[in-house]
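Given next are the chains, with one letter for each unit.
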Amino acid sequence: MKHIIHTIVSLILISGIAACEEDNYRAPSETFKGSIIDKETQEPFQTAVGTTGVRIKMMEYSWSDTPTPYYMYAAMDGQFNNSKIFKGQYGVTPEGAFVPLAEESLDITGTVEKNYAVEPFLRIEWVGEPVVNDNGTATVQVKITRGTTNPGYQQALAEVWLFVSETQYVGDFSYSPNYSTRLTGTTLPPLGETISITTGWPGGIGTGAQRSFPAYTRKYFLRVGARINKQVNSTNVYNFTTGKEITTK
Amino acid sequence: MKRIKSILTISFAITISACTDLDIAPVNLLGEDEIYGSNDGVMSNVARIYSRLPIEDFKYYYAATGSSGFNYSGTLFKQMACLTGEAVGRDTQGADNEGFSYWDEGYSEIRDINTLLEELPARSATISEAETKTYLAEAHFCRAYTYFALAKRYGGVPLVTTTIEYPSPEGIEGTRLYRASEEAVWDLIAADLDNAIANLPEASPVKGRVNKYIAAAFKSRAMLYAGSIAKYNTVNETQDQGGTSVQICGIPANRANDYFKAAYDAANLVVASNKYALYKGLWVAGDAAAQAKNFRSLFLTETTENIFVKYYDQTNATHNYDESVQPAQTKTSGNDSEVSPSMDFIEMFNGIPKDANGQFKNRDENNHYYLFNSPRDAFANAEPRLRGTVIFPMDTYRGQVIEIRRGIWTGNAGGGIPTLANEGDIGNVADLADPNLKLASALGANPDIPLKPGDSHGATMKAAGVNGPVSNWDFGNTGGTYLAKYLNESGVTAGGNSTQSWIEIRLAEVLLNRAEAAYELYQAGASGDNYRTVAYNDINNIRERAGARMLTGEADLNHIDTVRRERRKELAFENKTYWDLKRWRILYDEQNNRRWRILNPFYSTDAQKYFLSVKFQEPRGGFQYIFTFDTRYYYQPIPATEINKNPKTKQNPGF
């Protein structure tokens, strides 16, 4: 009896080992990196992080004629770097708050670096530095202008935000619902002029009471975002200033 | 040994002789012959098709994460009404999207319908011609109903109108279909419903089954949806399908009037039949209380206003509506208080004091609170329909005064009660450092506050009443009100024992469909009828029954928002508004960093009266209750597993 069991167990083990065959597809190791820059100013393109920011669509045509799109996202300053790309032939299209670019065929082997010069829908510049007021608010000045003359992207301004965040990651993807300020409808500013925005109106100016920062001193990060009435991939996408840091009184 | 051999031989012989051909139909499975060969068989199949219709009723749970949120057992926590701002709820904490994907379930329903459409005519010998005709027309109705559920979620979807052979003769490729254009899907819905309208009988053969006018009523809803997409949608996604460009999301704008006209005509058919009437059984002209009672009882009564109803009863199917929505005060066990109508909703109605911004006016010019003997007095003159929809603090339900109180204020009220520090603002009342405010941290920690000698309320009063709201995460009220619509006036509420039936379509909706389609046609300058007159009359008929202020003349009807607002008031809490906000494409405009406003009743021990504070829904349990709709979800994502199975399916934009 014991003999039979031993035989059976040995057979199972042998067949188990014989079934072992290296069946791993090699891990992706190519690098695709670069940045999105403003065509006119040559400055880094300021964007959100995630689905409302810059999404780079990669279609791996060397794998299939109808590949499942692979998406990678850019950082807040428009830089992207992905070191885990499968080697192959890709159709690459960056998408975001700028005039769409045509799909470009890229051979990704080793390290491929690519910079995209884009025409943003809007260009938002700081005018001076943020001012921390005595009443627990802060005021910034910015100027919003059109970033493109392309007639397809001259829609009206739809929303402007002064995003306030407790961390350096600030934008529509991460903001304080208490201290940020939203401009919409009749409170929307004109284009091309220097405008002031004060913190603390998250529901829109005049909605509820203006919120002030807590009584203790701490750091906040500010960024102004604006969008026109034009969606990209059904998503509201903003153009941004760079981030600024303030310390409350 | 020899004997053993012979036994074995005999055994083998027996075994072999026992071999007969075993290719017989299994007795535990019903084949097509059984199903389509008898009236009973077809009837049971049709019943199964009906039972799986994607009806967003009491058992629809949008947050379900499994395979389906329809016919869900235990819709106890998140409620769809709280996604629209009509109400706040403890467990609806943000602008959620559907947790499940209605796709697989829809196509298996469509397959069953298509099989019926193909098999039944082939076997008509056993079933009478009239019955066959009705069954087929019902199948067309059900298919339209199912495609409607798909189209409003995804836009264009693969159009399957025949039973796909599986495996297909062309192999797996033959089962992979492209998404049809969104327009084609809506046109199929229209065609299926036209077929149903033409072939269904005047009256339902059995209660719960459809008739000609149910199909027409549903058509008015579906075509209004399509017209709105054509007019208001801005997402136009196309796909190259083997050389042809197909618009899988969006409908050409020039089709809008076709669809509005189709909605208008279908609604006309229902109204002209004179089979249905707005329910006025308890309605008395000039009597607000009777009108409120009439509106409330509409949802608990089988009335002539009901067009298409999903019936519930103790024997066959029950649901959890009462258990989810009921006041904490009247519950025996289980959940409570998941739907509390918001001030944003209440302010849509006339008959309550309002300031220049249209918001509830709770303070005088010195910023002192108005005082009331009972908080319900502030709403005494509110539109009867609102009184029939909402239980206000201290209203009576199930013979009990529903005591809703945020707290007790013990300060000196001599010079008037000054505005609380965070009136109209964000934050939990418990965060206020006001020594005069006595609050309850939880229902189980609800202190007795001494009252002034001689107070008619007695010697002490519970800080947060019986229902709350309390400061911490707990059961009990969260918004100062309770929902009355559909709430049972008697019977067991715990353990999913609710049996009120779901009115999927009622005449008021059809009139509002017609009014909206008519106003859109009027705005577009369409000819063919006095559209504005029709819309005006429909709105006023609804308002008369509601006890609302009437439009004084046709000229009063000068904006689409008048029609939309009427719809939102009349059909609130019937799981229609969410899709209305979507098809009007205004959900993002309404829900962008939005908090809903609530009512906080406080009792003043000094004044021996109540005052009503309004603020944003209070943060509890770490939830901020901020609503921001993700615009991508105007078209919901197609489940990734379906795209893996069929790479020809193009995902909706943004996903």
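Residues numbered from 1 in each chain as written. Chains lettered and ligands numbered in written order. Predicted model: local features only at pLDDT ≥ 70, side-chain atom pairs only at ≥ 80, totals over all residues.

Enquirer: A description of the overall build of chain A should follow, citing residues and the corresponding values.
Expert: Within chain A, the regular secondary structure consists of one helix and 16 strands. Along the first, second and third principal axes, the C-alpha atoms of chain A reach 90 × 45 × 30 Å. The 249 residues of chain A split such that 31% are buried. Partitioning the intrachain contacts of chain A with sequence separation of at least 6 by distance along the chain shows that 64% fall at a separation of at least 24. (Helix = DSSP H or I, 4+ residues; strand = E, 2+ residues; numbered from the N terminus. Buried ≥ 20, exposed ≤ 12 C-beta atoms within 10 Å, placed from the backbone. Contact = placed C-beta atoms within 7 Å.)

Enquirer: I'd like a rundown of the overall build of chain B, residues and numbers included.
Expert: Each helix and strand counted, chain B has 18 helices and 16 strands in total. For chain B, whose C-alpha radius of gyration is 29 Å, the value lies close to the compact-globule estimate of 26 Å for 655 residues. Summarising its shape, the C-alpha atoms of chain B cover approximately 110 × 85 × 50 Å along the three principal directions. When the 655 residues of chain B are sorted by exposure, 47% land in the buried category. A separation of at least 24 residues holds for 72% of the contacts in chain B among residues at least 6 apart in sequence. (Rg over C-alpha atoms; globule rule 2.2 N^0.38 Å.)

Enquirer: Which residues make up the environment of A:Val164, and what are the values?
Expert: Residues and elements named next belong to chain A. In this structure, Val164 sits in strand β11 (residues 157-165). Measuring from C-alpha to C-alpha, the distance between Val164 and Thr199 comes to 7.7 Å, with 35 residues separating the pair along the chain. In contact with Val164, not counting residues within four places along its chain, are Tyr175, Ser176, Tyr179, Ser180, Thr199, Tyr220 and Leu222.

Enquirer: Before we move on, can you summarise the pairing of β11(A) with the specific residues and values?
Expert: Residues and elements named next belong to chain A. Here β11 pairs with strand β14 (residues 219-228) via eight bridges, running antiparallel. Paired with Trp161 across the bridge in β14 is Gly225. Of the strand pairs in this sheet, β11 and strand β12 (residues 181-183) are connected by three bridges, and their pairing is antiparallel. When the bridges of β12 are listed, Trp161 appears paired with Arg182. (Pairing = 2+ DSSP bridges.)

Enquirer: Provide a residue-level description of the interface of chain B and chain A, including the pertinent values.
Expert: At the interface, 16 residues of chain B touch 15 residues of chain A. Broken down by class, the residue content of the side of chain B that touches chain A amounts to eight nonpolar, six polar and two charged. (Nonpolar A, V, L, I, M, F, W, Y, C, P; charged D, E, K, R; others polar.)

Enquirer: Any details on unusual backbone geometry? Residues and values, ideally.
Expert: Residue B:Pro469 is bonded to the preceding B:Gly468 through a cis peptide linkage, with omega at 5°. Looking at where B:Pro469 falls in the secondary structure, it is placed in the loop between β12 (460-462) and β13 (482-483). Despite not being glycine, A:Ser234 shows a phi value in the positive range, around 60°. Relative to the helices and strands, A:Ser234 is located in the loop between β14 and β15 (239-240). By the C-beta count within 10 Å, which is 20 here, A:Ser234 ends up buried.

Enquirer: Now, about the domain arrangement of chain A: what can you tell me, with residues and values included?
Expert: Residues and elements named next belong to chain A. As far as domains go, chain A holds domain 1 (30-118) and domain 2 (122-247). The C-alpha centroid of domain 2 is placed 27 Å from the C-alpha centroid of domain 1. Between domain 1 and domain 2, the contact holds 12 residues from the first and 18 residues from the second. Its residues assigned to classes, the side of domain 1 that touches domain 2 comprises five nonpolar, six polar and one charged. (Domains from an automatic or database assignment.)

Enquirer: Describe the sheet that holds strand β10 (residues 437-438) of chain B, with residues and values.
Expert: Residues and elements named next belong to chain B. With mixed pairing, four strands are arranged side by side in an open sheet as β10-β9-β15-β16. Each edge of the open sheet carries a strand with a single partner, namely β10 and β16 (609-616). Where strand β15 (residues 597-604) lies against β16, eight bridges are found, and the strand directions are antiparallel. Its bridge partner lying in β16, Asn600 is registered against Ser613.

Enquirer: Any chance you could break down the nonpolar core for me, citing the residues and the numbers?
Expert: A general tendency of soluble globular proteins is for nonpolar side chains to be buried together. Judged by nonpolar contacts, the single largest core of 162 residues is most densely connected at B:Ile189, B:Leu193, B:Ala215, B:Ala217, B:Ala263, B:Ala518 and B:Ala535. With 13 residues, the top contributor of residues to this core is helix α7 (residues 212-232) of chain B. In terms of nonpolar packing, the next biggest core, distinct from the first, is built from 44 residues, A:Ile56, A:Ile124, A:Val170 and A:Val224 among them. (Core = buried A, V, L, I, M, F, W, Y, C linked by C-beta atoms within 7 Å.)

Enquirer: Describe helix α6 (residues 182-199) of chain B, and please don't skip the residues or the numbers.
Expert: All names here are of chain B. Along its 18 residues, α6 runs 26 Å from first to last C-alpha, staying within 8% of the 26 Å computed at 1.5 Å per residue. Taken residue by residue, α6 has Glu182, Glu183, Val185, Trp186, Ile189, Ala190, Asp192, Leu193, Ala196 and Ile197 as its buried positions. If you follow the buried residues of α6, they end up packed against α5 (129-154), α7, β3 (244-249) and α8 (256-272). (Expected span 1.5 Å × (residues − 1).)

Enquirer: Now, about the confidence of the model for chain B: what can you tell me, with residues and values included?
Expert: Predicted confidence across chain B gives a mean pLDDT of 94, with 98% of residues reaching 70 or more. The ipTM value of the predicted complex is 0.78, and its pTM value is 0.90. (pLDDT = per-residue confidence, 0-100.)

Enquirer: Break down the sheet that holds strand β2 (residues 55-60) of chain A for me, with residues and values.
Expert: All names here are of chain A. Spatial strand order, β3-β2-β5-β6: four strands in an open sheet with antiparallel pairing. The open sheet has two edge strands with one neighbour each: β3 (70-73) and β6 (104-108). Pairs of neighbouring strands in the sheet enclose a mean axial angle of 35°, with direction left out of account. Pairing between β2 and β3: four bridges, direction antiparallel. Directly across from Ile56, in β3, lies its bridge partner Met72. (Axes fitted to C-alpha atoms, helices over the stretch in contact; angles between N-to-C directions.)

Enquirer: I'd love a proper account of the packing of helix α13 (residues 507-523) of chain B against helix α15 (residues 560-570) of chain B, names of residues and values included.
Expert: Residues and elements named next belong to chain B. It is the contact of α13 with α15, at a shortest axis distance of 10 Å, that shows an interaxial angle of 170°. Judged on the interaxial angle alone, α15 and α13 are roughly antiparallel. The way α13 lies across α15 gives a crossing that is left-handed. Mapping the contact onto sequence places Ala508, Leu512, Ala515, Glu516, Tyr519 and Gln523 in α13 and Ile560, Val563, Glu566, Arg567 and Glu570 in α15. Partitioning the contact of α13 with α15 into residue classes produces six nonpolar, one polar and four charged. (Parallel < 35°, antiparallel > 145°, perpendicular 65-115°, else oblique. Left-handed = near helix turned anticlockwise from the far one by under 90°.)

Enquirer: With reference to specific residues and values, describe the environment of B:Lys231.
Expert: Residue and element names in this part refer to chain B. Mapped onto the elements of the fold, Lys231 is located in helix α7. In sequence terms Lys231 and Phe148 are 83 residues apart; their C-alpha atoms lie 18 Å from each other. Setting aside its immediate chain neighbours within four residues, Lys231 contacts Ala253 and Ala256.

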